[in-house]
Amino acid sequence: MQLICTQLLNSGLKTITQRHDICINYANFGIAIKEKLSIDLKGWPEDIPFQSPTSLNNHNALLKLQNTLKDGSCHWFCMFPCQWEDYSTQLATHCKRGETIGKPHKKHSDAGVAHKGNRKENRHPKKCSRGSGASAQVPKSTEFVLSSDKDSTSEDKL
């Protein structure tokens, strides 16, 4: 029964959004679905908390939810622009008050710790690229002497 309710909810969301890669994010429903997609769910039973049907353990609640989804009294709908603006302003006021909306992301265990790769002084210097053609610099070389003056004087004596 939990699986049937989940399938009904996800199939309705996929139909209204016309996207097949989407599923419900129950914890962040207000931000992920309502605000971003301007889509809402109408007719959710009031005595059942809005959460995933897989986390509902009451058989009567699941049966009631399944019936409301099947008969169409609980369904997805696109919000009008004025409804979406009202919801967005309510969301903004809640954020200004400092209230958490939805489930916040988990912080990294090393939050606030400096990482090696982020500091500029530890970076390796960039390699110089060689130019081609006339703009290329000619490499400097040292002069090689094949024979010394001493060797040439000794050969003259022979």
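A quick note: this is a predicted structure, and the numbers were derived from the prediction, not measured.

Novice: Help me get a handle on the overall build of the protein, residues and values and all.
Specialist: Looking only at helices and strands, the protein has five helices and two strands in total. Ordered by position from N to C terminus, the α and β elements of the protein give α-α-β-α-β-α-α. For the protein, buried positions account for 23% of its 158 residues. Relative to all contacts within the protein whose residues are 6 or more apart in sequence, the contacts with residues 24 or more apart total 63%.

Novice: Go over the packing of helix α2 (residues 29-37) against helix α4 (residues 81-96) with me, naming the residues and quoting the values.
Specialist: Their axes nearest at 10 Å, the elements α2 and α4 cross at an angle of 150°. If you check the angle between α2 and α4, you find them roughly antiparallel. As α2 runs across α4, the sense of the crossing is left-handed. Residue-level inspection shows Gly 30, Ile 31, Lys 34 and Glu 35 of α2 in contact with α4, the latter providing Trp 84, Tyr 87, Ser 88 and Leu 91. A breakdown of the residues in the contact of α2 with α4 according to their chemical character gives four nonpolar, two polar and two charged.

Novice: Let's hear about the state of the cysteines: which residues, and what values?
Specialist: Between two cysteines, a covalent bond joining their sulfur atoms is known as a disulfide. Overall, the coordinates contain zero disulfides when judged by the stated rule. Cys 5 supplies the cysteine sulfur nearest to Cys 74, a cysteine that is in no disulfide, at a spacing of 9.5 Å. Of the residues examined, Cys 74 reaches a relative accessible area of 4% and is grouped as buried.

Novice: Run through the pattern of salt bridges, naming residues and quoting values.
Specialist: Summed over all chains, the structure comprises three salt bridges. The partner of Lys 34 in a salt bridge is Asp 40, and the shortest N-O contact between them spans 3.6 Å. By relative accessible area, Lys 34 is classed as buried at 16%. Judged by its relative accessible area of 14%, Asp 40 falls in the buried class. For Lys 64, the salt bridge goes to Asp 47, with nearest N and O atoms at 3.0 Å. Separated by 17 residues along the polypeptide, Lys 64 in helix α3 (residues 59-71) and Asp 47 in the loop between β1 (39-42) and α3 bring together distant segments of the chain.

Novice: Tell me what's going on with the nonpolar core, and back it up with residues and numbers.
Specialist: Counting residues in hydrophobic clusters, the biggest one holds 19 residues, and the most contacted among them are Leu 9, Leu 13, Ile 24, Leu 41, Trp 44, Leu 65 and Trp 76. Those elements that place two or more of their residues in this core are α1 (2-17), α2, β1 and α3. By residue number, the principal contributor to this core is α3, which donates four residues. Among all residues touching Leu 41, those that are not within four sequence positions of it are Leu 9, Phe 29, Phe 50, Cys 74, His 75, Trp 76 and Phe 77.

Novice: Explain the confidence of the model for the protein to me, and be specific about the residues and the numbers.
Specialist: Overall, the predicted model of the protein reaches an average pLDDT of 81, with 77% of residues at or above 70. Predicted confidence in the protein is weakest over helix α5 (residues 149-157), with a mean pLDDT of 54, and strongest over α3, with 94.

About the criteria used
- Residues numbered from 1 in each chain as written.
- Predicted model: local features only at pLDDT ≥ 70, side-chain atom pairs only at ≥ 80, totals over all residues.
- Heavy atoms only, no water.
- Helix = DSSP H or I, 4+ residues; strand = E, 2+ residues; numbered from the N terminus.
- Buried < 20%, exposed > 50% of the residue type's maximum accessible area, 1.4 Å probe, protein only.
- Contact = heavy atoms within 4.5 Å.
- Axes fitted to C-alpha atoms, helices over the stretch in contact; angles between N-to-C directions.
- Parallel < 35°, antiparallel > 145°, perpendicular 65-115°, else oblique.
- Left-handed = near helix turned anticlockwise from the far one by under 90°.
- Nonpolar A, V, L, I, M, F, W, Y, C, P; charged D, E, K, R; others polar.
- Disulfide = S-S within 2.5 Å.
- Salt bridge = Lys/Arg side-chain N within 4 Å of Asp/Glu carboxyl O.
- Core = buried A, V, L, I, M, F, W, Y, C linked by side-chain atoms within 4.5 Å.
- pLDDT = per-residue confidence, 0-100.

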